[in-house]
Amino acid sequence: MGCCGSSEREWKPLEDRSCTDIPWLIIFALFCIGMACIAGFSISTGAASRLISGYDSYGNTCGQKNSKIEGVELSGRDQTDNKYVFFLDPCNIDILNRKIKSMALCVSRCPDIELKTYTDVKKFALQNGSELCSYDIPVSKYPSHGERSKKCPKLPVPPSNSLPVFHRCTPVDISCYAQFAEAFVTFVSDNSMLHRVIAGVMASKEIIMGLCVLALVLSIILMVVIRYISVVLVWILTALVVLGSIGGTGVLWWLYVDHRTNLTDQTGTSPTPQQQVATDNVQALLVYAIFATVFTVILLLLLFFMRKRVALTITLFHVAGKVFTHLPLLALQPFWTFLSLMLFWVSWLGVLLFLGTAGSPVQSEEAGLVEYRISGPLQYMVWYHAVGLIWISQFILACQQMTVAGAVVTYYFTRNKSELPMTPIVSSMLCLTRYHLGTVAKGSFIITLVEIPRLILTYIHNQLKGKENACARCMLKSCICCLWCLKKCLMYLNQNAYTATAINSTSFCTSARDAFVILVENALRVATINTVGDFVLFLGKVLIVSCTAFVGVLSLNYQRDYTVWVLPLLIVCLFSWLVAHCFLSVFEIVVDVLFLCFAVDTKHNDGSPGREFYMDKALMVRRRARKPFCNYVSTAENCCPD
């Protein structure tokens, strides 16, 4: 597949478009067919009625006739009239295993009033025909039966309602789940606080939605105007770094001089443990001050010699903002990606739930209750389904990267911008679908190979928390960290490989090799863009969150009825950060694609006739300031389109 060649390739932007990595497209298609087969099997044999209607602790599905389960005396009952699942102790929740540890029964009606005694439970059963104790206990013996504490509901029975689709009787009072809530909301000390917080969220839901829309609008605006404020942000970053390093170094030297002066004043007295500690502190401060001085000097030298590369980052941000004005549909990419991921995740979760219902009934040894557990070949289906979650999710994200790369490459390497396609984004999507799905499938599979062991090690680490020794814990964390770093590096290389594919229409391995060579040749530029650019985008995210939070404080404070608006504000800040991250990540992709195009352009063109530059005027000025070229006036006019 062209992974091992080392000869220099000739870059031919937007020429000789052909299909790439067809074998990987076939493999991915077969894998998706396997996912579809699992979905069909789980839906056809997974007893979907058990998922929707629920089942009792004897294996009977509520709302239908049931077959006898061998060894379970109360199974095989006709539950046609009993359509709701009722838990005898709905508050008995196993937080670790995330399930209710209570006997479940099929009943014809959920208790809508509080039942304080077993006599009340008996009256409710006689009046409504809904038996709330185990099937082997007659209604007349509810108050006096010897096993009523195990086979009858825990008193008092709270009023409950059935869920709209899933027929489970759920207590009306959410304080029933206080234990479960404490596992997730540790700051809640009493039920009144929980009620106040939830009331604040529900009362301010219109403002929350409005602020989320505001964060969306601010993110779109920032992607357009960041071309104008990037200079200010970069100089703010530079000033903060310089002042912080010089100030920190000065403070350390001041502390060293001050402590040394105090120690000198005490030299006439007999040595004490306190003086020994003071001597050690002076030596430590001297080491810290020297280290900080060396670091500051190196940092200042780097900033001085890399100032031109920082200017290149600013210019790339400027050109990226211009790209968004020419390709406004780029701003919609996060919407399509998010929608695609949500549709896939919902369908994936539905198939997983159906797989769970396809298990075999197993009677527990402790309480003799029936549970449906996955065993045998179904376990391998679950693992296959889990791999599909990672691979297809990465495939969707890679499609976004390839689509953005294709549109930006078309914009960059089209000299006359009036000749651009009417919708470059749509053209890029069609090109991806026709030619490069195999490349995207291969790149996403490589990320999957790294992500799977990282998730397995993370799961093992969580399961062994508090049980393993310090050495094992350190090794696990180190492996997880290394795999995470490897994933990030591969994702960055993949993104540049997609850009190379969009330029040259080459396979994944060839594109990754060509992109890697370009990146190594421009290592300092890459480091500058990734550090300065990422920090500028981080400041942009902080700006969006700060503006949204400021408007949120004013809005929530104006509504005096909202006594608790801290949680709504946190929800808004979290959502605004996610929105800003989604949109600015597209901006980051555009900047990276522009840089690779710029590097290829400057490597293979020199501005002479027949080898004119494709770059924008702003990049041309930046390039001319770094190294004079474009000796021909006519050439400069042709290679610097607006």
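To be clear, the structure that these remarks concern was listed above.
Note that this is a predicted model, so its numbers are computed, not measured. (Residues numbered from 1 in each chain as written. Predicted model: local features only at pLDDT ≥ 70, side-chain atom pairs only at ≥ 80, totals over all residues. Heavy atoms only, no water.)

(A) Expanded view of the overall build of the chain. Across its full length, the chain holds 18 helices and 8 strands. The buried share among the 642 residues of the chain stands at 43%. Within the chain, contacts between residues at least 6 apart in sequence are counted, and of these 70% link residues at least 24 apart. Accessible surface, the chain as shown: approximately 33900 Å² in total, 66% of it carbon and sulfur. (Helix = DSSP H or I, 4+ residues; strand = E, 2+ residues; numbered from the N terminus. Buried < 20%, exposed > 50% of the residue type's maximum accessible area, 1.4 Å probe, protein only. Contact = heavy atoms within 4.5 Å. Areas by Shrake-Rupley, 256 points an atom, 1.4 Å probe, with all protein chains shown as cover.)

(B) Quick peek at the layout of surface pockets. By volume, the second largest pocket is sized at about 1500 Å³. If you go around the second largest pocket, you meet 40 residues; those closest to its centre are Leu 397, Gln 400, His 581, Cys 582 and Ser 585. At the level of elements, helix H7 (205-265), helix H10 (333-357), helix H11 (377-412), helix H12 (424-463), helix H13 (470-504), helix H15 (523-558) and helix H16 (566-604) are the ones that each hand at least two residues to the lining of the second largest pocket. For the lining of the second largest pocket, the leading source of residues is H16, giving 11 residues. A per-class count over the lining of the second largest pocket returns 23 nonpolar, 9 polar and 8 charged. (1 Å grid on protein atoms, 1.4 Å probe; cavity = no way out; pocket = protein on both sides within 12 Å on 5 of 7 lines; lining within 4 Å. Points joined across faces, edges and corners; volume = space filled by probe spheres on them. Nonpolar A, V, L, I, M, F, W, Y, C, P; charged D, E, K, R; others polar.)

(C) Inspection of the pattern of salt bridges at higher detail. Counted according to the given criterion, the structure contains 7 salt bridges. Residue Glu 147 pairs with Lys 151 through a salt bridge whose shortest N-O separation is 3.4 Å. (Salt bridge = Lys/Arg side-chain N within 4 Å of Asp/Glu carboxyl O.)

(D) Region of interest: the state of the cysteines. Per the stated rule, a full pass over the model turns up 3 disulfides. The disulfide bridge from Cys 62 ends at Cys 106, spanning 2.0 Å between sulfur atoms. Between Cys 62 and Cys 106, the S-S torsion sits near -85 degrees, and that sign places the bridge as left-handed. Of this pair, Cys 62 sits in the loop between helix H2 (48-52) and strand S1 (84-87) while Cys 106 is found in strand S4 (residues 104-107), placing the two residues 44 residues apart along the sequence. Its relative accessible area of 3% is what places Cys 106 among the buried residues. The partner cysteine of Cys 133 in its disulfide is Cys 152, sulfur to sulfur 2.0 Å. Between Cys 133 and Cys 152, the S-S torsion sits near 120 degrees, and that sign places the bridge as right-handed. With Cys 133 in the loop between helix H3 (118-128) and helix H4 (148-151) and Cys 152 in the loop between H4 and strand S5 (160-162), the pair connects residues that are 19 residues apart, well separated along the chain. (Disulfide = S-S within 2.5 Å.)

(E) Local environment of empty space enclosed by the protein. Overall, the coordinates contain 4 cavities of 30 Å³ or more when judged by the stated rule. Of the voids in this model, the largest cavity is the one considered here, and its volume is about 70 Å³. Gln 394, Leu 397, Ala 398, Gln 401, Gly 443, Ser 444, Ile 447, Met 491, Asn 494 and Tyr 498 together form the lining of the largest cavity. When contributions to the lining of the largest cavity are tallied by element, the ones reaching two or more residues are H11, H12 and H13. Among the elements that line the lining of the largest cavity, the one with the most residues is H11, at 4 residues. The residue inventory of the lining of the largest cavity, partitioned by class, reads 5 nonpolar, 5 polar and no charged.

(F) Examining the side chain of His 385 more closely. For His 385, the position within the fold is in helix H11. With a relative accessible area of 2%, His 385 lands in the buried category. Excluding anything up to four places from it in sequence, His 385 contacts Met 35, Trp 348, Val 351, Leu 352 and Leu 355.

(G) Local environment of H3. Listed in full, the buried residues belonging to H3 are Tyr 118, Val 121, Phe 124 and Ala 125. Along H3, the residues classed as buried sweep out an arc of 115 degrees about the axis, all on the same side. In this structure, H3 carries Leu 126 and Gln 127 as exposed residues pointing more than 90 degrees from its buried face. Where H3 is buried, its residues contact H4. (Arc of directions from axis to C-beta.)

(H) Focus on the packing of H11 against H13. At their nearest, the axes of H11 and H13 sit 9 Å apart, and the two run at 45 degrees to each other. Looking at the two axes, H11 sits oblique to H13. For H11 against H13, the interelement crossing comes out right-handed. Facing Ala 398, Gln 401, Met 402, Ala 405, Gly 406 and Val 409 of H11, the residues of H13 in contact are Gln 495, Tyr 498, Thr 499, Thr 501, Ala 502 and Ile 503. Residue composition of the contact of H11 with H13, grouped by class: 7 nonpolar, 5 polar and no charged. (Axes fitted to C-alpha atoms, helices over the stretch in contact; angles between N-to-C directions. Parallel < 35°, antiparallel > 145°, perpendicular 65-115°, else oblique. Left-handed = near helix turned anticlockwise from the far one by under 90°.)

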